[in-house]
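Architecture at a glance
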Number of protein chains: 2
Amino acid sequence: MHKRIGNQTVRLENPPSVLCEYSIAGKKEKEGNLGNLFDETVEDSLFGTKSWEKAESKFLKTAISGLLKKASVTEDDVGYIFAGDLLNQCSSSHFAIRGFKVPFFGLYGACSTMAESLSLAAMSIDGGFAETAVAATSSHFCSAEKQFRFPLEYGGQRPPTAQWTVTGSGAILLGKYSAPPYITHITTGKIVDNGICDANNMGAAMAPAAADTIAAHFEDTGFSPEDYDLIITGDLGKVGKELLLDLLPGMGVDIKKQYNDCGLIIYNLDKQDVHSGGSGCGCSAVTLCSKILRDMRRGELNNVLFIATGALMNTSTCLQGESIPCIAHAVRISTKAGDLQ
Amino acid sequence: MHKRIGNQTVRLENPPSVLCEYSIAGKKEKEGNLGNLFDETVEDSLFGTKSWEKAESKFLKTAISGLLKKASVTEDDVGYIFAGDLLNQCSSSHFAIRGFKVPFFGLYGACSTMAESLSLAAMSIDGGFAETAVAATSSHFCSAEKQFRFPLEYGGQRPPTAQWTVTGSGAILLGKYSAPPYITHITTGKIVDNGICDANNMGAAMAPAAADTIAAHFEDTGFSPEDYDLIITGDLGKVGKELLLDLLPGMGVDIKKQYNDCGLIIYNLDKQDVHSGGSGCGCSAVTLCSKILRDMRRGELNNVLFIATGALMNTSTCLQGESIPCIAHAVRISTKAGDLQ
């Protein structure tokens, strides 16, 4: 049990390598800040299909196919796929992955899925259960709006706290310890619910969960924010980012210098009409699979704490007056396999 | 990588022990064949709440609380909870588990969730990431009918192939290798889709996935059906059971002597109006957590292959004309930690 350190964190004994990553995104994402960093972009929101749901699924399928091709491996080489998405019964993942003959674990972590899938994929390799594993997720603006809010045709007004669901998918191939970057630590979140009921203010709902997991990570590992070049949350957006930076000092943690949020990086908030920023499983996935990992491979970033946050409500629970339970999972990615401990 | 044997199976190095199990079920389940074996039964379908969804969540919360009490452990002693359910965005699990301060991995495997959660919980312990872990799931007849088919008030006719979603929840506490029964092998399913589109005939949709995983288990491990006292699927029901027994001989596997299905055990099919049998995540969960594990603890069963099957569609994918992708995960539970290999 030397791998478990503290309440919520494990230190991987033989840190798995991030062998390869692949990102695919839509038109609005192409027009954003990371537009030229994605492996592939698709102008057509329907991606040649007949529904938003089928399109989202095709984004995910294309991401996994693209990943395997880029990494020069076949599906026979993959030990497990860990994936999930926002659609009811995670249908984007299931229809995408039915084409791959790979043992599959389905996950639901809402927008925390990239970190959740990465955590379990890394544990499956470090635990000796697989040589390689794929972690993947997707989201789509149109399928998410239709399912969680209003049909697009309704033209509902979006409040300033609303975020824009990223259309896109990210997939990562992990393998046994070989070359950097490595997954070295995993801090798994607990469900946190501070009573926020506004489904148009996800940032406020998710910030306390992010704070809880970040504080646990530092307490469990003994690391300090200075040990990181970048501490990045999945999709708190403008509102959630401010709240997180308000909450953490009271917990004895100051991450101001290293902190950013994928929802603020992916779009140009001044020019693109995305209100509080990007969101959705795809937001942190395509940001990680483009800019963040590219910068690590270039040596511009060496130690990254990637925290994806999820709001775990559904439309019925909101209508039944429930608040929004949230979760955040953190993964430490480093160009060095050894750590400071 | 000595743990991975064959394409889809892992043999656990230090097989985790099933420390404790807890089952809670509803009125119809109490009137069925296993009625006196559940730890707790609840007459009121609403379980004192105001909605079927809240009721289902309370079943799951009560199962986990009951489990911890029965095992004399506190939530601080639990390394992880792995859980999921059938509701949109797995809301039964999230609202149940927000009360527990335990690191949580959310899963979606439809009715395969008991085997999926058990697989990952066992791997988290064998991999050295936790001392103990909880695997749990729930389902509820009324919330499932409302979400997947029709409002109960509509009084829709159920075809003979339809199954009855079990109202109940099962939870299992796994711990490090100590006393029997043990989780010794895990065979993780691939998604199988043979083109069935009828959401009222889940047994037919899921049978090919069950056949695929069972055949993989025997191929990977070298075990034969004779090495088992019981090979039991989650909820194929009458129709699916017959199809499975039709399919397997063509794959070189004959399990007729050892085979049964939780959906056929849980209800009295002659007297209770459940058509093709029981279904839902709760079906295999409460059957495993009552009769199966009780019989293992009594020495009446020594080697069990537990295969939970899931149909991974949602209502939109059915309306959009898609077929039903399915998955089956198998877990070998044995009173002996060593195996025949």
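Residues numbered from 1 in each chain as written. Chains lettered and ligands numbered in written order. Predicted model: local features only at pLDDT ≥ 70, side-chain atom pairs only at ≥ 80, totals over all residues. Heavy atoms only, no water.

1. Let's talk about the overall build of chain A
From N to C terminus, chain A includes ten helices and 15 strands. Relative to the compact-globule value of 20 Å for 341 residues, chain A shows a C-alpha radius of gyration of 18 Å, a close match. When its C-alpha atoms are laid out on the principal axes, chain A stretches across 55 × 50 × 35 Å. Long-range pairs, those at least 24 residues apart, make up 77% of the contacts in chain A between residues at least 6 apart in sequence. Entry remark: accessible area of chain A is about 11,000 Å², with carbon and sulfur atoms responsible for 49%. Here chain A contributes 30 positively and 38 negatively charged side chains, and the mean placements of these two sets differ by 5 Å. (Helix = DSSP H or I, 4+ residues; strand = E, 2+ residues; numbered from the N terminus. Rg over C-alpha atoms; globule rule 2.2 N^0.38 Å. Contact = heavy atoms within 4.5 Å. Areas by Shrake-Rupley, 256 points an atom, 1.4 Å probe, with all protein chains shown as cover. Lys, Arg positive; Asp, Glu negative; His and termini not counted. Charge placed at Lys NZ, Arg CZ, Asp CG, Glu CD.)

2. Quick word on the interface of chain B and chain A
Counting residues at the interface gives 61 residues for chain B, matched by 61 residues for chain A. At the boundary of chain B with chain A, total buried surface from both sides reaches about 5,300 Å², with 59% on carbon and sulfur atoms. Counting the contacts that link chain B with chain A gives six salt bridges. Scanning the region where chain B abuts chain A turns up 38 residue pairs in polar contact (both at pLDDT 80 or more). Secondary structure elements with two or more residues in the side of chain B that touches chain A: α2 (52-70), β5 (80-85), α3 (91-97), β6 (104-106), α4 (113-126), α5 (141-148) and β15 (326-334) of chain B. (Buried area = accessible area lost by both parts, 1.4 Å probe. Salt bridge = Lys/Arg side-chain N within 4 Å of Asp/Glu carboxyl O. Polar contact = N/O pair within 3.5 Å; in protein donor to acceptor, adjacent residues only side chain to side chain.)

3. Some words on the environment of W164 of chain A
Residues and elements named next belong to chain A. With respect to the helices and strands, the residue W164 is situated in strand β8 (residues 164-165). A residue is classified by how much of its surface remains accessible, and W164, at 14% relative accessible area, is buried. Excluding residues that lie within four positions of it along the chain, W164 makes contacts with K28, F141, R158, Y267, D273, V274, G277, G278 and S279. (Buried < 20%, exposed > 50% of the residue type's maximum accessible area, 1.4 Å probe, protein only.)

4. Some details on the relation of the copies chain B and chain A
Placing chain B over chain A gives an RMSD of 0.0 Å and needs a rotation angle of 180°, together with 0.0 Å of translation along the axis. On this basis, the relationship between the two copies can be described by a two-fold rotation axis. (Least-squares fit on C-alpha atoms with pLDDT ≥ 70 in both.)

5. What about the pattern of salt bridges?
Overall, the coordinates contain 30 salt bridges over all chains when judged by the stated rule. A salt bridge links K30 of chain A to E43 of chain A, with the shortest nitrogen-to-oxygen separation between them at 3.4 Å. In this pair, K30 of chain A sits in helix α1 (residues 27-30) while E43 of chain A sits in the loop between β4 (40-41) and α2 (52-70), placing the two residues 13 residues apart along the sequence. Measuring nitrogen to oxygen at the nearest pair gives 3.2 Å for the salt bridge that ties R158 of chain B to E145 of chain B. Note that R158 of chain B is positioned in the loop between α5 and β8 (164-165) and E145 of chain B in helix α5, a separation of 13 residues in sequence. The pair formed by R158 of chain B and E145 of chain B is uniform in burial state, with each residue classed as buried.

6. A look at the pairing of strand β15 (residues 326-334) of chain A
All names here are of chain A. The buried count for β15 comes to nine of nine residues, which makes it a mostly enclosed element. Along β15, one buried face is formed by C326, A328, A330, R332 and S334 and the opposite face, lined by I327, H329, V331 and I333, is buried too. One ladder, built from nine bridges, connects strand β14 (residues 303-311) with β15; its direction is antiparallel. Counted as the bridge partner of L305 is R332 from β15. (Pairing = 2+ DSSP bridges.)

7. A few points about unusual backbone geometry
Going from P180 of chain A to P181 of chain A, the amide bond is cis rather than trans, its omega being -5°. With respect to the helices and strands, the residue P181 of chain A is situated in the loop between β9 (168-175) and β10 (182-187).

8. A short note on the confidence of the model for chain A
Summing up the model confidence of chain A, the mean pLDDT is 96 and the portion of residues at 70 or higher is 99%. Interface predicted TM-score (ipTM) for the complex: 0.98; the corresponding pTM is 0.98. (pLDDT = per-residue confidence, 0-100.)

9. Here's the deal with the packing of aromatic side chains
A complete count under the given rule lists 18 aromatic pairs over all chains for this structure. Seen from their ring centres, F150 of chain A and Y154 of chain A are 4.7 Å apart, and the 25° between their planes marks the pair as stacked. Under the relative-accessibility criterion, Y154 of chain A is labelled exposed at 56%. Members of the aromatic cluster, joined through ring pairs, are Y80, F82 and F105 of chain A. Over the face of the ring belonging to Y80 of chain B we find R4 of chain A, whose NZ or CZ atom lies 4.4 Å from the ring centre. (Phe/Tyr/Trp six-rings, centres within 6.5 Å; stacked < 30°, edge-to-face > 60°. Lys NZ or Arg CZ within 6 Å of the ring centre and 35° of its normal.)

10. Points about the nonpolar core
Formed by 126 residues in total, the largest nonpolar core has its most connected members in I255 of chain A together with I255 of chain B. Contacts of I255 of chain B, omitting those with residues within four sequence positions, involve I214, F218, P225, I231, L244, L245 and L248 of chain B. Counting 102 residues, the second largest nonpolar core, distinct from the first, contains L12, L288 and F306 of chain A together with F82 of chain B. (Core = buried A, V, L, I, M, F, W, Y, C linked by side-chain atoms within 4.5 Å.)

11. Side note on helix α7 (residues 237-250) of chain B
Residues and elements named next belong to chain B. With 14 residues, α7 should cover 20 Å at 1.5 Å per step; its first-to-last C-alpha distance of 21 Å lies within 8% of that length. Taken residue by residue, α7 has G237, G240, L244, L245 and L248 as its buried positions. Seen from one end, α7 has its buried residues packed into an arc of 135°, which puts them on one side. In α7, those exposed residues whose orientation departs by more than 90 degrees from the buried face are E242, D246 and G250. (Expected span 1.5 Å × (residues − 1). Arc of directions from axis to C-beta.)

12. Digging into the pairing of strand β7 (residues 132-139) of chain A
Moving residue by residue along a regular strand, the side chains alternate between the two faces of the sheet. All names here are of chain A. With eight of eight residues buried, β7 lies mostly within the body of the structure. Neither face of β7 is exposed, since T132, V134, A136 and S138 on one face and A133, A135, T137 and S139 on the opposite face are all buried. As paired elements, strand β5 (residues 80-85) and β7 share six bridges and run parallel to each other. Among the inter-strand pairings, G84 is bridged to a residue of β7, identified as T137. Here eight bridges tie β7 to β9, and the two strands are oriented antiparallel to one another. Bridged to S139 within β9 is G168.

13. A word on the packing of helix α6 (residues 202-221) of chain B against α7 of chain B
Residue and element names in this part refer to chain B. For the pair α6 and α7, interaxial distance at closest approach is 8 Å and the crossing angle is 40°. With respect to their mutual orientation, α6 and α7 come out oblique. Of the two elements, α6 crosses α7, and the hand of that crossing is right-handed. For the pair formed by α6 and α7, the contact residues are G203, A204, A207, P208, A210, A211 and I214 on the first element and V239, G240, L243, L244, L247 and L248 on the second. (Axes fitted to C-alpha atoms, helices over the stretch in contact; angles between N-to-C directions. Parallel < 35°, antiparallel > 145°, perpendicular 65-115°, else oblique. Left-handed = near helix turned anticlockwise from the far one by under 90°.)

14. Details of the side chain of T287 of chain A
Looking at where T287 of chain A falls in the secondary structure, it is placed in helix α9 (residues 281-297). The contact partners of T287 of chain A, leaving out residues within four places of it in the chain, are L34, C262, I265, I266 and I292 of chain A.

15. Examining the environment of G26 of chain A
Residue and element names in this part refer to chain A. Note on placement: G26 falls in the loop between β3 (17-25) and α1. For the pair G26 and Y80, spaced 54 residues apart in sequence, the C-alpha separation works out to 27 Å. When residues no more than four places from it in sequence are discounted, the contact partners of G26 are T41, V42, F59 and T167.

16. Observations concerning the state of the cysteines
A complete count under the given rule lists zero disulfides over all chains for this structure. Considering cysteine sulfurs only, C281 of chain A is the nearest to C142 of chain A, which forms no disulfide, with 16 Å between them. Distance from the sulfur of C283 of chain B, which forms no disulfide, to the nearest cysteine sulfur (C262 of chain B) is 5.5 Å. Residue C283 of chain B is classed as buried on the basis of its relative accessible area, which comes to 0%. (Disulfide = S-S within 2.5 Å.)

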